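Architecture at a glance
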2 protein chains.
Amino acid sequence: MNVTVLAGGVGGAKLAHGFALCQPEIDLTVIVNTGDDFDHFGLRICPDLDTVCYTLAGLANPQTGWGRKDETYEVLRCVGELGGPTWFRLGDKDLATHLERTRRLSEGQRLSDVVTAFCSTWGIKARVLPMSDDPVRTMVDTREYGWLDFQNYFVRHACRPTIQKIAFEGIEQALPAAGVLEALEDSDLIVIAPSNPWVSIQPILSVNGIASMIQSQKAVAVSPIIQGQTLKGPAAKMYREMGIEPSPVAVAQHYSTLLWGLVMDELDRGFESTLMSSGIMVLSTQTIMQNEQDRLSLAREILTFSQDRNPNQMPRREF
Amino acid sequence: MNVTVLAGGVGGAKLAHGFALCQPEIDLTVIVNTGDDFDHFGLRICPDLDTVCYTLAGLANPQTGWGRKDETYEVLRCVGELGGPTWFRLGDKDLATHLERTRRLSEGQRLSDVVTAFCSTWGIKARVLPMSDDPVRTMVDTREYGWLDFQNYFVRHACRPTIQKIAFEGIEQALPAAGVLEALEDSDLIVIAPSNPWVSIQPILSVNGIASMIQSQKAVAVSPIIQGQTLKGPAAKMYREMGIEPSPVAVAQHYSTLLWGLVMDELDRGFESTLMSSGIMVLSTQTIMQNEQDRLSLAREILTFSQDRNPNQMPRREF
């Protein structure tokens, strides 16, 4: 059974890890947002790709969800001594990823090739694909500062500015990375992870051909909104700033005709009837992933849920 | 009294440090080779500038002469895990210099401005200037591999290939960095440090206007050749590969009409008469700098030696 997960950073990485723990019963592909990639100190930094890879490899910092565990910060400390910017917390181990990725890209390798090589080194069995090998840059138009690139908004300004508009620079020219459309086409189950719909999932869906492929296959989304809030990140704040009340219903409307089903937290069970009356299948369950067992349980529940839609496509094993 | 030192890496840095220890009685400018600068992992690396600055700041690794003391190598260890190149030994503290330099250059700052800022942070009182803000790349044509960029030859191949030719890419367009010609013009003493004449000093002398300015002022050179050998680096090997017997005489002939004097090791005293008969002033002394005291002593001896040439330009203090 082929499962493809669309993921941004920490939340998406956790659910992708849950599905990875279901291997080898399933064949897993993770398509990752690269809209918040940026260049810093001359290095190409891909925050979501790294978070997904570190998480799948068991290398992630369990406290933050991003960055590496047992990390040191000697380089950044010395950058700070030189008066350089330290708002983006680059650890020493993490820096090695950026250095070697930058070197390989400058040699002409595609980002997807670099990711594949790193995954192999790190013992990752899932196939991890950037949404595109072409540069896409998420920009947010803020009331306070005008247009900011995403990391500037997200990390440096800690998501405080009020968003008025979001744009994905380069998206018109961006083609899906090799294997992306094929993975979606061959999927028995496409899962939109509980990542930020505005800035983690929307860039992926905006790459040429991806939304229409999902449209024809249909996906299940996991709501990142729980009781009008998010566990992490500015998704709920963004809904409000866009004039939308954040809820699982808003998430379902966001993805609209791409979905056959929505997974939401059991705390939001009150929205079940509204959602079901719109013709969507709904699973209300515990969606907060506090540990590895939670990740695995949620992935298994989604696999079982998808069996309700397509009883014949499930593997023999009972999840 | 204004002293200007032309320096490459470790040997030049040590003598520059000796003169720095004579401050504030003298005003010191160090003009540093940038011909072996290169880009690695997307970062601009300036080995000679960093060696000079680390040495002047007391931050240099006393064992190697290059790199920083109390250094860690966590980033490079992880780069190695990813299959990346580890032949250039980038320490964590050293990497911070390259990151912040690359960032400032990409912002449009000149290399000389970046160096000035770093020197200020590191408490360096001497004025350290790159020979040029324009890129110059030393290339060596080797019998075994054809043309190699300098770090490839010097570090990766450990100077083993046989040199046939040396070229400085970009030298025709390179202008002296701001302050370089002025420092030389205002110098009471110009010292060519015991750096490699072929690949550390020659690039500096090849920048437009520098050799002719020194030609009119005249300099004293310290021979890096001692008993046909060097303490470090391939200078002696290069002389042989170029068909020249390495000796203080060869060094004096190398710099030719730029010199009023030559400082050589007392072990080479036998060459004194040959050199003096060519009309050059000669100082034979202990030139091997094993500790800070040796650096200071050599600098003081050169200051006293220069008094023999220009008795009126010395500061009152007795060296």
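Our structure's up above, just so we're on the same page.
A brief structural summary. (Residues numbered from 1 in each chain as written. Chains lettered and ligands numbered in written order. Predicted model: local features only at pLDDT ≥ 70, side-chain atom pairs only at ≥ 80, totals over all residues. Heavy atoms only, no water.)

Quick look at the state of the cysteines
Note the threshold: We call a pair of cysteine sulfur atoms a disulfide whenever their separation is within 2.5 Å. Here the term buried applies to any residue with accessible area under 20% of the maximum for its type, exposed to any over 50%, and partly exposed to those in between, with areas from a 1.4 Å probe on protein chains only.
Under the defined criterion, the tally for this structure stands at zero disulfides over all chains. Considering cysteine sulfurs only, Cys 119 of chain A is the nearest to Cys 22 of chain A, which forms no disulfide, with 18 Å between them. Residue Cys 22 of chain A is classed as buried on the basis of its relative accessible area of 1%. Residue Cys 78 of chain B stays outside any disulfide, its sulfur separated by 15 Å from that of Cys 53 of chain A, the closest cysteine. Among the residues examined, Cys 78 of chain B registers a relative accessible area of 2% and is labelled buried.

Description of helix 8 (residues 197-206) of chain A
One turn of the α-helix equals 3.6 residues, which is why residues spaced by three or four share an orientation. The test is simple: Secondary structure elements follow DSSP: runs of H or I no shorter than four residues count as helices, runs of E no shorter than two count as strands, and numbering proceeds from the N terminus. Polar contact is defined as a pair of N or O atoms within 3.5 Å, subject to the rule that within protein one atom must be able to donate a hydrogen and the other to accept it, and that residues adjacent in sequence are counted only when both atoms are side-chain atoms.
Counting buried positions along helix 8 of chain A yields eight of ten residues, so the element is predominantly enclosed. Between the side-chain oxygen at the start of helix 8 of chain A and the backbone nitrogen of Trp 198 of chain A there is a gap of 2.8 Å, and the oxygen is on Asn 196 of chain A.

Focus on the packing of helix 4 (residues 92-106) of chain A against helix 3 (residues 74-81) of chain B
Applied cut-off: Each axis is a line fitted through C-alpha atoms, and for a helix only the stretch in contact is used; angles between axes span 0 to 180 degrees, taken between their N-to-C directions. When an angle is under 35 degrees it counts as roughly parallel; over 145 it counts as roughly antiparallel; between 65 and 115 it counts as roughly perpendicular; any other value is oblique. For any pair of crossing helices, the crossing counts as left-handed if the nearer helix is rotated counterclockwise from the farther one by less than a right angle, and right-handed if it is rotated clockwise. Between two residues, a contact is recorded if the distance between any of their heavy atoms is within 4.5 Å. Each residue gets one label: Ala, Val, Leu, Ile, Met, Phe, Trp, Tyr, Cys and Pro are nonpolar, Asp, Glu, Lys and Arg are charged, and the others, such as Gly, are polar.
With their axes 8 Å apart at the nearest point, helix 4 of chain A and helix 3 of chain B run at an angle of 50 degrees to one another. Comparing their axes, helix 3 of chain B and helix 4 of chain A come out oblique. Judged by the twist between their axes, the crossing of helix 4 of chain A over helix 3 of chain B is right-handed. Two secondary-structure elements touch here, helix 4 of chain A through Asp 92, Lys 93, Leu 95, Ala 96, Leu 99 and Glu 100 of chain A and helix 3 of chain B through Glu 74, Val 75, Arg 77, Cys 78 and Val 79 of chain B. Of the residues belonging to the contact of helix 4 of chain A with helix 3 of chain B, the class tally is six nonpolar, no polar and five charged.

What about empty space enclosed by the protein?
Once rolled over the atoms, a probe with the size of a water molecule shows which space is left empty. Note the following rule: Both site types are read off a 1 Å grid over the protein atoms alone. A 1.4 Å probe that fits but cannot get out defines a cavity, while an open set with protein on both sides within 12 Å along at least five of seven lines defines a pocket; lining residues have an atom within 4 Å of a point. Grid points are joined across faces, edges and corners, and a volume is the space filled by probe spheres set on the points.
Applying the stated criterion across every chain yields a total of two cavities of 30 Å³ or more. Each pocket or cavity is described by its volume, and for the largest cavity that value is around 40 Å³. If you go around the largest cavity, the residues you meet are Leu 49, Asp 50, Cys 53, Arg 101, Val 114, Val 115, Phe 118 and Trp 122 of chain A. Elements supplying a minimum of two residues to the lining of the largest cavity: helix 2 (47-57) and helix 5 (111-121) of chain A. Of the residues that constitute the lining of the largest cavity, the class distribution is six nonpolar, no polar and two charged. Size it by volume and the second largest cavity reaches roughly 40 Å³. For the second largest cavity, the full set of lining residues is Leu 49, Asp 50, Cys 53, Thr 97, Arg 101, Val 114, Val 115, Phe 118 and Trp 122 of chain B.

Some points on the pattern of salt bridges
Residue and element names in this part refer to chain A. Using the following cut-off: For this analysis, a salt bridge means a side-chain nitrogen from Lys or Arg found within 4 Å of a carboxyl oxygen belonging to Asp or Glu.
A complete count under the given rule lists 22 salt bridges over all chains for this structure. The partner of Arg 101 in a salt bridge is Asp 50, and the shortest N-O contact between them spans 2.9 Å. Residue Arg 101 is located in helix 4, and its partner Asp 50 is located in helix 2; the two are separated by 51 residues in the primary sequence. Judged on exposure class, the residue Arg 101 and its partner Asp 50 are both buried.

Regarding the environment of Met 264 of chain B
Residues and elements named next belong to chain B. Along the chain, Met 264 falls in strand 11 (residues 259-265). Among the residues examined, Met 264 registers a relative accessible area of 0% and is labelled buried. Sequence-wise, Met 264 and Leu 283 are 19 residues apart; in three dimensions their C-alpha atoms are separated by 6.3 Å. Those residues in contact with Met 264 that lie beyond four places of it in its chain are Ser 223, Pro 248, Arg 269, Phe 271, Glu 272, Leu 275, Val 282, Leu 283, Ser 284, Thr 285 and Thr 287.

Details of the side chain of Asp 36 of chain B
Residue and element names in this part refer to chain B. The line we're drawing: The convention is simple: Lys and Arg are positive, Asp and Glu are negative, and His and the chain ends are not counted.
Tracing the sequence through the fold places Asp 36 in the loop between strand 2 (27-32) and strand 3 (38-40). Buried within the structure, Asp 36 lacks any salt-bridge partner; its nearest side chain of opposite charge belongs to Arg 137, at an N-O separation of 7.9 Å. Among the polar contacts listed, one links the side chain of Asp 36 to the side chain of Asn 33, at a separation of 3.4 Å.

Here we look at the interface of chain B and chain A
Put simply, the test is: Buried area is calculated as the accessible area (1.4 Å probe) missing from two parts once they are joined, with the contributions of both summed.
Contacts between chain B and chain A engage 28 residues on the former and 28 residues on the latter. Buried area between chain B and chain A, summed over both chains or domains, comes out near 2300 Å², and the portion from carbon and sulfur atoms is 72%. Summed over the shared surface of chain B and chain A, the result is two salt bridges. Between Glu 74 of chain B and Lys 93 of chain A there is a salt bridge, and its shortest N-O distance comes to 2.8 Å. Linking chain B with chain A are four residue pairs in polar contact (both at pLDDT 80 or more), by the criterion used here. Among the secondary structure elements, those contributing two or more residues to the side of chain B that touches chain A are helix 3, helix 4 (92-106) and helix 5 (111-121) of chain B. Of all the elements, helix 4 of chain B adds the most residues to the side of chain B that touches chain A, at ten residues. The residue makeup of the side of chain B that touches chain A, split by class, is twelve nonpolar, seven polar and nine charged.

Observations concerning the sheet that holds strand 7 (residues 146-149) of chain A
Residues and elements named next belong to chain A. Applied cut-off: Strand pairing is assigned whenever DSSP identifies at least 2 bridges connecting the two strands.
Reading across the sheet, the three strands line up as 7-6-8 and stay open at both edges, with antiparallel pairing between neighbours. Every interior strand has two partners, whereas the edge strands, strand 7 and strand 8 (163-169), have only one. Averaged over all pairs of adjacent strands, the angle between their axes in this sheet comes to 25 degrees, without regard to strand direction. With six bridges connecting them, strand 6 (residues 137-142) and strand 8 associate as antiparallel partners.

What to know about the sheet that holds strand 7 (residues 146-149) of chain B
All names here are of chain B. As summarised here, the arrangement of the three strands in space is 7-6-8, forming an open sheet in which the pairing is antiparallel. Strands with a single pairing partner mark the edges of an open sheet, and in this sheet they are strand 7 and strand 8 (163-169). The average undirected angle you get between the axes of adjacent strands in this sheet is 25 degrees. Pairing geometry for strand 6 (residues 137-142) and strand 7, over four bridges, is antiparallel. Residue pairing in the sheet places Val 140 in a bridge with Leu 148 of strand 7. Against the sheet, helix 8 (residues 197-206) engages strand 6 and strand 8, with an angle of about 40 degrees to strand 8.

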